[in-house]
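Breakdown of the fold
In case you want the letters, here they are:
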Amino acid sequence: MIKKVTKLSDVPVEKLDKRQAAAELKELASLIAYHDQRYHLEDTPEITDAEYDALKRRNESIEARFPRLIRPDSPTRRVGAAPATGFKKVRHRIPMLSLNNAFTEEDVSGFLDSIRNFIKELQQDPDIPIEVVAEPKIDGLSCSLLYQKHELVQGATRGNGEEGEDITANVKTISEIPRALPEDAPDLIEIRGEVYMTDEDFLKLNQHQEKAGGKVFANPRNAAAGSLRQLDPSVTASRPLRFFGYAWGEVSEPFAETQWEARRQLAEWGFKTNEPSRLVGTLADMLDYYREMQEKRSRLGFSIDGVVYKLNRLDWQKRLGFISRAPRWALAHKFPPERGQTRLKAINIQVGRTGSLTPVAELEPINVGGVLISRATLHNQDEIERKDIRVGDTVIIQRAGDVIPQVVEVVFSERPKDSHAFVFPTHCPVCGSRAVREPDEAVTRCTGGLVCPAQAVERMIHFASRDAFDIEGMGQKNIETFYNEGLIQSPPDIFRLEEQDGKKRPALADREGWGEVSSRKLFDAIRRSRVLPLDRFIYALGIHQVGQATARLLARHYGTLVQWKKGMKAAQDRSSEAYQDLLSISGIGPSLAEDLLAFFAEKQNLEILEDLSTLLAVTDFEAPQTASPIAGKTVVFTGTLQSMARSEAKARAEALGAKVAASVSKKTDYVVAGPGGGSKLREAQELGVTILSEQEWLEMVGKAK
């Protein structure tokens with residue numbers, strides 16, 4: 001399997017056209033999801049943090065310039081990777097989110113500006129200082145510790161931010177994690193922090209592993225993650241793991257008024273905190289701390305990949321809240337990337353599950369900042385032609401972020417004299433079908449559809465993956481085997497596998513490498529997967545542009561599988577109310593709507609949907625439980641708000657379970673109108689939508705506890 005290490009386009013974001021931007025955002029979403037899986041779940045990253053951050057930064061820059069192209073499966077809308085099997089799953093009571101990244105002084109300055117623009121009183125008085133806690137960003141494994149009645153009762157990994165793995169037995173083997181808290185601690189508190197390994201302990205562990213013929217780890221982070229996620233706690237106990245506590249999730253009562261005070265309290269309860277930290281009050285102080293940590297980095301004794309800034313006042317943190325996958329009140333300032341030079345040995349073509357032909361560069365392996373890089377995506381035909389990339393070229397590789405690489409440039413002075421331009425294929429290398437490129441797309445696609453083995457297999461791998469049907473035992477290898485033997489040709493065949501077992505081919509239990517236990521486990525996993533929520537079902541279908549976030553949006557909007565199918569059928573008429581209803585969903589634009597409707601326009605897709613409907617139980621979408629009077633309501637804001645910034649009002653509404661829309665329709669429940677309401681106010685009056693003043697709105701949401 002080709003490792004999805006990639007290089008980025010060196011075309012400045014400001015010079016990208018819409019088509020190029022859309023193609024690159026799609027590629028970035030796929031690559032970042034792949035590397036999230038390798039890093040968070042498998043503990044085997046293929047690229048460095050610097051490389052990974054370069055991809056995410058490029059993605060964010062393109063999204064900032066082309067906000068209408070933001071994809072539902074955008075990396076800015078998700079955290080980490082789904083939890084692995086083997087451990088019991090734990091639902092985080094409060095999501096464990098990641099942080100937005102900064103790479104320049106302008107990024108840090110923008111972070112402070114965003115806080116000032118969000119908090120109304122800071123807008124009104126520029127002289128009010130913004131205190132920030134600066135601390136080292138530990139390169140370890142995020143961990144949550146739940147204490148009830150002062151006793152440690154549960155440990156969990158971050159997983160995908162919503163759901164992690166139960167590692168309680170393992171965390172109890174780490175001596176730096178208190179088994180009990182003092183009596184002055186809250187009765188219930190979730191301490192969050194990082195499990196890590198010191199540089200000295202890492203070297204000793206690798207020496208021991210090498211002598212014993214065991215696995216030698218690439219870096220301290222991998223060693224810590226691999227050690228913590230052992231099914232046998234005795235293995236974890238034998239590893240030199242440590243823990244920094246620096247944050248918290250659910251808590252039964254307040255225990256501090258500021259971040260700085262909270263850090264001191266955690267230390268008094270027995271947790272080691274990530275030091276040196278500092279309370280700073282200006283941009284200059286923040287940047288001084290960053291430069292100091294960069295200089296001290298190699299002498300700290302543990303791995304860091306940047307610094308973290310957190311707004312000190314907890315009441316302001318609460319008001320700022322979260323956006324997508326990250327808090328508005330914190331920022332990770334990452335250290336700069338590293339570079340290396342290597343040779344491009346070959347360009348191969350990969351065929352994805354949607355038929356996209358992706359050129360992949362095979363590189364002479366090169367170690368850049370501790371990570372061996374041997375593969376990089378070349379994105380598409382335009383990328384190759386624009387940069388004039390040829391087999392045999394010497395290229396500059398840059399790691400930007402500790403997980404993903406980019407090719408910065410070609411060293412033309414070292415180009416072989418007999419080199420020639422790469423000719424992009426006109427036919428699919430897997431099935432031989434014609435490969436076409438639509439005028440408005442940068443991607444070339446195979447026209448083979450379900451007759452193309454690459455697409456059929458990849459679609460079913462996606463269908464059975466953890467975030468979709470989560471069928472343990474239906475991984476790539478087994479799906480490829482079953483497909484090649486004719487046992488499964490489309491998703492519904494997976495659910496008939498048991499009843500067909502032994503009829504067309506030898507029974508699984510009789511096959512080499514299987515046996516009665518393995519085959520029974522597979523069939524049990526398939527049976528368990530027959531019941532799943534609507535959002536995961538929609539995601540599993542593999543519709544172009546429909547990632548987990550979009551699937552959840554659709555499930556939340558339509559509620560049931562029957563209503564979703566009914567809505568998609570009615571929306572085929574682009575002049576219908578159903579089509580406008582689809583477009584009214586925040587995050588779904590015309591391009592995404594067309595992909596959805598194109599899926600429902602294909603007879604074979606409808607047949608598969610109906611077939612699956614007879615085999616499965618797709619449960620209705622369940623909205624988060626809340627006592628809010630606006631939960632499930634659609635709200636539109638218009639005009640100027642006096643008591644809070646528009647962004648804060650929107651964030652507050654969404655936190656209480658409301659849907660915030662950009663336009664008024666018959667499905668709008670409330671329009672909150674300030675001075676200067678304009679066209680939205682007039683539309684609400686014409687449609688008879690309930691109109692609230694800002695004060696009425698505040699009184700309504702004030703009832704939510």
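Structure: above.
Below: a short report on this structure. (Residues numbered from 1 in each chain as written. Predicted model: local features only at pLDDT ≥ 70, side-chain atom pairs only at ≥ 80, totals over all residues. Heavy atoms only, no water.)

Another point: the overall build of the chain. The helix and strand inventory of the chain stands at 26 helices and 27 strands. Computed over the C-alpha atoms, the radius of gyration of the chain is 26 Å, within 12% of the 27 Å expected from 2.2 N^0.38 for a compact globule of 705 residues. Along the first, second and third principal axes, the C-alpha set of the chain runs to 75 × 70 × 60 Å. Per-residue burial for the chain yields a buried fraction of 53% across its 705 residues. Looking at the chain alone, contacts between residues at least 24 apart form 71% of all its contacts between residues at least 6 apart. Across the chain, the centroid of the 96 positively charged side chains sits 3 Å from that of the 102 negatively charged ones. (Helix = DSSP H or I, 4+ residues; strand = E, 2+ residues; numbered from the N terminus. Rg over C-alpha atoms; globule rule 2.2 N^0.38 Å. Buried < 20%, exposed > 50% of the residue type's maximum accessible area, 1.4 Å probe, protein only. Contact = heavy atoms within 4.5 Å. Lys, Arg positive; Asp, Glu negative; His and termini not counted. Charge placed at Lys NZ, Arg CZ, Asp CG, Glu CD.)

The antiparallel open sheet is built from four strands, whose spatial order is β5-β4-β7-β8. Both outer strands of the open sheet, β5 (151–157) and β8 (242–251), are each paired with one neighbouring strand and no more. Taken pair by pair, the neighbouring strands of this sheet meet at an average axis angle of 30 degrees, ignoring direction. Of the strand pairs in this sheet, strand β7 (residues 188–196) and β8 are connected by seven bridges, and their pairing is antiparallel. Among the inter-strand pairings, Glu194 is bridged to a residue of β8, identified as Phe244. (Pairing = 2+ DSSP bridges. Axes fitted to C-alpha atoms, helices over the stretch in contact; angles between N-to-C directions.)

Counting buried residues along strand β4 (residues 141–148), seven of its eight residues qualify, which places the element largely inside the surrounding structure. Direction of pairing for β4 relative to β7: antiparallel, over a ladder of eight bridges. When the sheet's bridge partners are listed, Ser142 is paired in β7 with Glu194. As paired strands, β4 and β5 are joined by six bridges and run antiparallel to one another. Looking at the pairing, Gln148 lines up with Glu151 of β5.

This part is about the packing of helix α3 (residues 105–118) against helix α10 (residues 283–296). Interaxial distance between α3 and α10 falls to 11 Å at its minimum, and their mutual angle equals 135 degrees. With respect to α10, the axis of α3 lies oblique. Crossing handedness for the pair α3 and α10: right-handed. Residues Glu105, Val108, Ser109, Phe111 and Leu112 of α3 touch α10, and the partners they reach there are Leu283, Met286, Leu287 and Arg291. Grouping the amino acids of the contact of α3 with α10 by side-chain chemistry returns six nonpolar, one polar and two charged. (Parallel < 35°, antiparallel > 145°, perpendicular 65-115°, else oblique. Left-handed = near helix turned anticlockwise from the far one by under 90°. Nonpolar A, V, L, I, M, F, W, Y, C, P; charged D, E, K, R; others polar.)

For strand β13 (residues 330–334), the buried fraction is high: five of the five residues fall into the buried class. Burial of the side chains of β13 extends over both faces: Ala330, Ala332 and Lys334 are buried on one face and Leu331 and His333 on the other. Where strand β2 (residues 101–102) and β13 come together, two bridges link them in parallel fashion. Of the residues in β13, the one forming a bridge with Asn101 is Ala332.

Here we take up helix α22 (residues 590–601). Over its 12 residues, α22 runs 16 Å from end to end, which matches the ideal 16 Å to within 8%, given 1.5 Å per residue. Looking only at α22, the buried set comprises Leu592, Ala593, Asp595, Leu596, Leu597, Phe599 and Phe600. Taken together, the buried residues of α22 touch α19 (548–558), α20 (561–570), α21 (577–583) and α23 (603–615). (Expected span 1.5 Å × (residues − 1).)

All told, the structure shown has 18 aromatic pairs when counted by the stated rule. Look at Phe463 and Phe469: their rings are 4.2 Å apart centre to centre, the planes differ by 20 degrees, and that puts the pair in the stacked class. We classify Phe463 as buried; its relative accessible area is 2%. Taken together, the ring pairs connect Phe463, Phe469, Phe495 and Phe537 into an aromatic cluster. (Phe/Tyr/Trp six-rings, centres within 6.5 Å; stacked < 30°, edge-to-face > 60°.)

A separate point is a negative patch on the surface. There is a patch of like negative charges on the surface, built from Glu183, Asp184, Asp187, Glu253 and Glu268. As for its position among the elements, Asp184 is in the loop between α5 (168–171) and β7. Note on Asp184: relative accessible area 53%, which makes it exposed. (Patch = residues over 30% accessible without salt bridge, like charges linked within 9 Å, V, L, I, M, F, W, Y side chains within 5 Å. Areas by Shrake-Rupley, 256 points an atom, 1.4 Å probe, with all protein chains shown as cover. Salt bridge = Lys/Arg side-chain N within 4 Å of Asp/Glu carboxyl O.)

This part is about the packing of α22 against α23. Geometrically, a packed helix pair is captured by the angle between its two axes and the distance between the axes. As a packed pair, α22 and α23 sit with axes 5 Å apart at the nearest point and diverge in direction by 80 degrees. In terms of axis orientation, α22 runs roughly perpendicular to α23. Counting all contacts with α22, which are made through Phe599, Phe600 and Ala601, the residues of α23 involved are Lys603, Asn605, Leu606 and Leu609. Among the residues forming the contact of α22 with α23, the class breakdown is five nonpolar, one polar and one charged.

So, on to the sheet that holds strand β10 (residues 304–311). Spatial ordering of the open sheet is given by β2-β13-β10-β3-β9, a layout of five strands whose pairing is mixed. The two strands at the open ends of the sheet, each matched to only one other strand, are β2 and β9 (278–280). Against the sheet, helix α9 (residues 259–268) engages β3 (132–138), β9 and β10, with an angle of about 50 degrees to β3.

Residues lying three or four places apart along an α-helix face the same way, a consequence of the helix completing one turn every 3.6 residues. Within helix α26 (residues 694–701), burial applies to Glu694, Trp697, Met700 and Val701. With its buried residues spanning 120 degrees around the axis, α26 presents them on a single face. In this structure, the buried side of α26 is in contact with β24 (634–638), α24 (646–655), β26 (670–673) and β27 (690–692). (Arc of directions from axis to C-beta.)

Here the focus is the state of the cysteines. Tallied over the entire structure, the rule returns zero disulfides. With no disulfide of its own, Cys431 lies 3.6 Å from the sulfur of Cys446, the closest cysteine sulfur. Taking relative accessible area as the criterion, Cys431 reaches 28% and is therefore assigned partly exposed. (Disulfide = S-S within 2.5 Å.)

Turning our attention to the side chain of His150. With respect to the helices and strands, the residue His150 is situated in the loop between β4 and β5. Looking at His150, the relative accessible area reads 8%, which means it is buried. A polar contact of 2.9 Å, which involves the side chain of His150, links it to the backbone oxygen of Ala185. (Polar contact = N/O pair within 3.5 Å; in protein donor to acceptor, adjacent residues only side chain to side chain.)

The next point concerns the nonpolar core. In globular proteins that are soluble, nonpolar side chains generally tend to be buried together. Judged by nonpolar contacts, the single largest core of 58 residues is most densely connected at Phe537, Trp564 and Leu582. The contacts of Trp564, once residues within four sequence positions are left out, are Ile538, Leu541, Ile543, Leu554, Tyr558, Leu596 and Phe600. Judged by nonpolar contacts, the second largest core, of 34 residues, contains Val108, Ala134, Met286 and Tyr309. (Core = buried A, V, L, I, M, F, W, Y, C linked by side-chain atoms within 4.5 Å.)

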